[in-house]
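What follows is the residue order along each chain.
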Amino acid sequence: MELSLARLVYYSRNRIAGDALPEIDAILASSRRNNAGAGVTGALLFNMGCFGQILEGPRRAVEATFERIQRDERHGEVSLLDFQGIDERAFSNWSMAFVGSSKLDEDRFADIAGQSGFDPSRMSADSLFEILHSLALEEERRSD
Ligand code: FAD
């Protein structure tokens, strides 16, 4: 078991003008490089003009990553939903999984997120976590 692991869950509002996907590709490239070096894993959701993200790893590394993310002007209204110690990672295979933008993800998201009107900002930390985890697992099965 890794010592002092923590998980952080937040959502934020997109501030990228126009087509967000090329900029999200750049965010994912930096994330995967930086997170792999820092021992941070997790998943990023982009849906309905909102981001939802899970970061997990050594507490200090998660805090440092989140501090950098909060200063990023590509999003705003960053709202922390949860930050707590965990015994093990849920996203150990992903330096940063990306879910929510494919048609398949949208359909799946619609199935499980219907009660919130599909809006990540109206979800609890637990439901956001469950959705990102199940979408990431499905993504992994599809790419096998
Ligand atoms: P680089 O990777 O060298 O920067 C890459 C490119 O992005 C450069 O072209 C640079 O100009 C541009 N860029 C960098 N920062 C900004 C900025 N603030 N505004 C506009 N353009 C910029 N980073 C992580 O390390 N891990 C994460 O999990 C993570 N998740 C993110 C989730 C969201 C929703 C957002 C918006 C950002 C996320 N980031 C994440 C990015 C983070 O905010 C920093 O931009 C990044 O960590 C900087 O990495 P770097 O110093 O290696 O810059």
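See the structure printed just above.
Quick caveat, the model's predicted, so the values are computed rather than measured.

**Remarks on the packing of aromatic side chains**
Counted according to the given criterion, the structure contains four aromatic pairs. Taking the centre distance of 5.3 Å and the plane angle of 45 degrees together, the rings of Tyr10 and Phe66 count as tilted. Placement of Tyr10 in strand β1 (residues 5-14) and of Phe66 in helix α2 (residues 59-70) is noted, with a sequence separation of 56 residues between them. Exposure remark for Tyr10: the relative accessible area of 2% places this residue in the buried category. Its relative accessible area of 8% is what places Phe66 among the buried residues. On the basis of an interplanar angle of 90 degrees and a centroid distance of 6.0 Å, the ring pair of Phe91 and Phe129 is categorised as edge-to-face. Of this pair, Phe91 sits in the loop between β4 (75-86) and β5 (97-99) while Phe129 sits in helix α4 (residues 125-143), and the two are 38 residues apart along the sequence. For the residue pair Phe91 and Phe129, the accessibility class agrees, reading buried in each case. What links up through ring pairs into an aromatic cluster is the set Phe91, Trp94 and Phe129.

**Side note on the site of the ligand**
Of all residues adjacent to the ligand, which total 18 residues, the nearest are Ser30, Arg33, Asn35, Arg68 and Asp72. In the model, an oxygen atom of the ligand is placed 2.7 Å from a nitrogen or oxygen of the Ser30 side chain. One of the side-chain nitrogen or oxygen atoms of Asn34 is found 3.0 Å away from an oxygen atom of the ligand. Look at the ligand: alone it shows 910 Å² of surface, and the protein chains cover 66% of it. Put simply, the parts of the chain that give the shell around the ligand at least two residues each are α1 (21-38), β3 (50-58) and α2. The leading source of residues in the shell around the ligand is α1, at six residues. Taken together, the residues of the shell around the ligand break down into seven nonpolar, seven polar and four charged.

What counts, and where the lines are drawn
Residues numbered from 1 in each chain as written. Predicted model: local features only at pLDDT ≥ 70, side-chain atom pairs only at ≥ 80, totals over all residues. Heavy atoms only, no water. Phe/Tyr/Trp six-rings, centres within 6.5 Å; stacked < 30°, edge-to-face > 60°. Helix = DSSP H or I, 4+ residues; strand = E, 2+ residues; numbered from the N terminus. Buried < 20%, exposed > 50% of the residue type's maximum accessible area, 1.4 Å probe, protein only. Near = heavy atom within 4 Å. Polar contact = N/O pair within 3.5 Å; in protein donor to acceptor, adjacent residues only side chain to side chain. Areas by Shrake-Rupley, 256 points an atom, 1.4 Å probe, with all protein chains shown as cover. Nonpolar A, V, L, I, M, F, W, Y, C, P; charged D, E, K, R; others polar.

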